[in-house]
Amino acid sequence: MKRYLNFALCSLLFYFSPLYSYATELPVIYMSLESTLHFRSPEPISYVDLPKSKLRGDLPLKNLLRIRLQESFSATNITAGSSIGVITITGEQFFAQYRIVLVEQGLMKADDEVEILPIHMLPLIPSQPSLSTPQMHAKSVALISLREKKPMALSKQRGIGIKLNQIRCAGDLIFLDLSFSNDSELGYEIEELKFSIVDKKINKATNAQQFDLKPKFSLSNLQTFIHQARNIYVLPKASFSPAKRLRITLAERQPSSRTVVLELSYGELLRADGF
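Everything numeric here is computed off the predicted structure, so don't read it as measured data.

Participant: Residue-level account of unusual backbone geometry, with values.
Facilitator: Between Gln254 and the following residue, Pro255, the backbone shows a cis peptide bond with an omega angle of 5 degrees. By the secondary structure assignment, Pro255 is in the loop between strand 18 (244-252) and strand 19 (259-265). Not every positive phi belongs to a glycine, and Arg158 is a case in point at roughly 55 degrees. Here Arg158 lies in the loop between strand 10 (153-157) and strand 11 (160-170). Positive phi values are uncommon outside glycine, yet Ser257 reaches one of about 55 degrees. Along the chain, Ser257 falls in the loop between strand 18 and strand 19. Judged by its relative accessible area of 24%, Ser257 falls in the partly exposed class.

Right, here's the structure in full:
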């Protein structure tokens with residue numbers, strides 16, 4: 001009965017998740033007999049389920065889970081490459097599962113730190129339907145019709161500039177009002193405008209992780225501009241730790257290849273006013 005209820009709960013979560021296609025296969029995490037594994041969560045961890053005969057864990061911090069192999073389990077004859085089991089981590093709004101696999105020390109590097117990323121999260125409560133394309137278009141038009149004020153952030157490199165005019169939230173979407181400038185007489189042909197989530201500080205002892213966000217909508221298909229341009233980009237909301245930044249990278253086509261980067265605190269996006 002318990003197995004049936006667990007299966008029904010997981011099926012329900014998968015059905016309602018917009019990330020269903022990414023979550024059908026559990027991500028694999030590697031441990032060695034001697035390793036300690038830490039999971040970093042973007043929000044407080046409220047529940048953890050471990051294969052108790054094999055793993056033990058604790059929460060040294062509200063958003064940090066530490067697990068080790070049980071001493072009795074590690075003393076037995078274990079084959080490298082075998083599955084130790086599945087762990088379940090639940091936050092305030094998400095549910096994530098990982099498969100733990102044993103590796104032999106020295107032959108393959110074991111993981112020591114894992115950040116729980118949105119691609120691995122399933123919502124505990126089914127999300128409300130997102131805005132339709134006509135609704136995103138209407139809100140983008142309303143936003144770009146507002147007069148430009150003092151920029152919230154700006155960056156300029158080699159005469160090319162990016163300026164963040166304003167941020168707005170609607171449901172599960174973030175609207176970015178961006179302006180671009182070109183001080184030269186040479187037109188700027190865009191090769192790529194990339195939105196990425198990156199670590200604020202990169203510690204040599206930890207693995208830096210980068211997560212790309214693909215816009216769900218843009219008001220215009222901006223490909224080139226001479227002096228000035230302005231556009232609205234709509235990004236999906238996602239849960240990240242406070243130690244993250246949103247990096248916006250504007251890259252020009254060859255041969256000039258002028259590139260400019262603007263970084264924002266991800267917390268600023270989540271605190272944006274709704275409209």
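So, next bit.
Participant: Residue-level account of the pattern of salt bridges, with values.
Facilitator: Following the criterion strictly, the structure yields 11 salt bridges and no others. The partner of Arg40 in a salt bridge is Glu113, and the shortest N-O contact between them spans 2.3 Å. Of this pair, Arg40 sits in strand 2 (residues 37-40) while Glu113 sits in strand 8 (residues 113-115), and the two are 73 residues apart along the sequence. Residue Glu263 is joined to Arg247 by a salt bridge in which the shortest nitrogen-to-oxygen separation is 2.7 Å. Residue Glu263 is found in strand 19, and its partner Arg247 is found in strand 18; the two are separated by 16 residues along the sequence. Judged by relative accessible area, Arg247 falls into the partly exposed class, the value being 28%. Linked by salt bridges that have partners in common, Arg40, Glu113, Glu115 and Lys244 make up one network.

Participant: Outline the packing of aromatic side chains, listing residues and values.
Facilitator: Enumeration over the complete set of coordinates arrives at 5 aromatic pairs. Look at Tyr188 and Phe225: their rings are 5.3 Å apart centre to centre, the planes differ by 25 degrees, and that puts the pair in the stacked class. Highlighted residues: Tyr188 in strand 13 (residues 188-199) and Phe225 in strand 16 (residues 224-225), separated in sequence by 37 residues. No difference in accessibility class separates Tyr188 from Phe225, as the two residues are buried.

Participant: Explain the environment of Ile174 to me, and be specific about the residues and the numbers.
Facilitator: Residue position: Ile174 is located in strand 12 (residues 173-182). Overall, the relative accessible area of 1% leaves Ile174 in the buried class. For the pair Ile174 and Lys216, spaced 42 residues apart in sequence, the C-alpha to C-alpha distance is 9.8 Å. Ignoring anything within four residues of it in the chain, the contact list for Ile174 reads Ile167, Arg168, Cys169, Tyr233, Val234, Leu235, Lys237 and Leu269.

The rules behind each value
Residues numbered from 1 in each chain as written. Predicted model: local features only at pLDDT ≥ 70, side-chain atom pairs only at ≥ 80, totals over all residues. Heavy atoms only, no water. Helix = DSSP H or I, 4+ residues; strand = E, 2+ residues; numbered from the N terminus. Buried < 20%, exposed > 50% of the residue type's maximum accessible area, 1.4 Å probe, protein only. Salt bridge = Lys/Arg side-chain N within 4 Å of Asp/Glu carboxyl O. Phe/Tyr/Trp six-rings, centres within 6.5 Å; stacked < 30°, edge-to-face > 60°. Contact = heavy atoms within 4.5 Å.

This is a description of form; function is not addressed.
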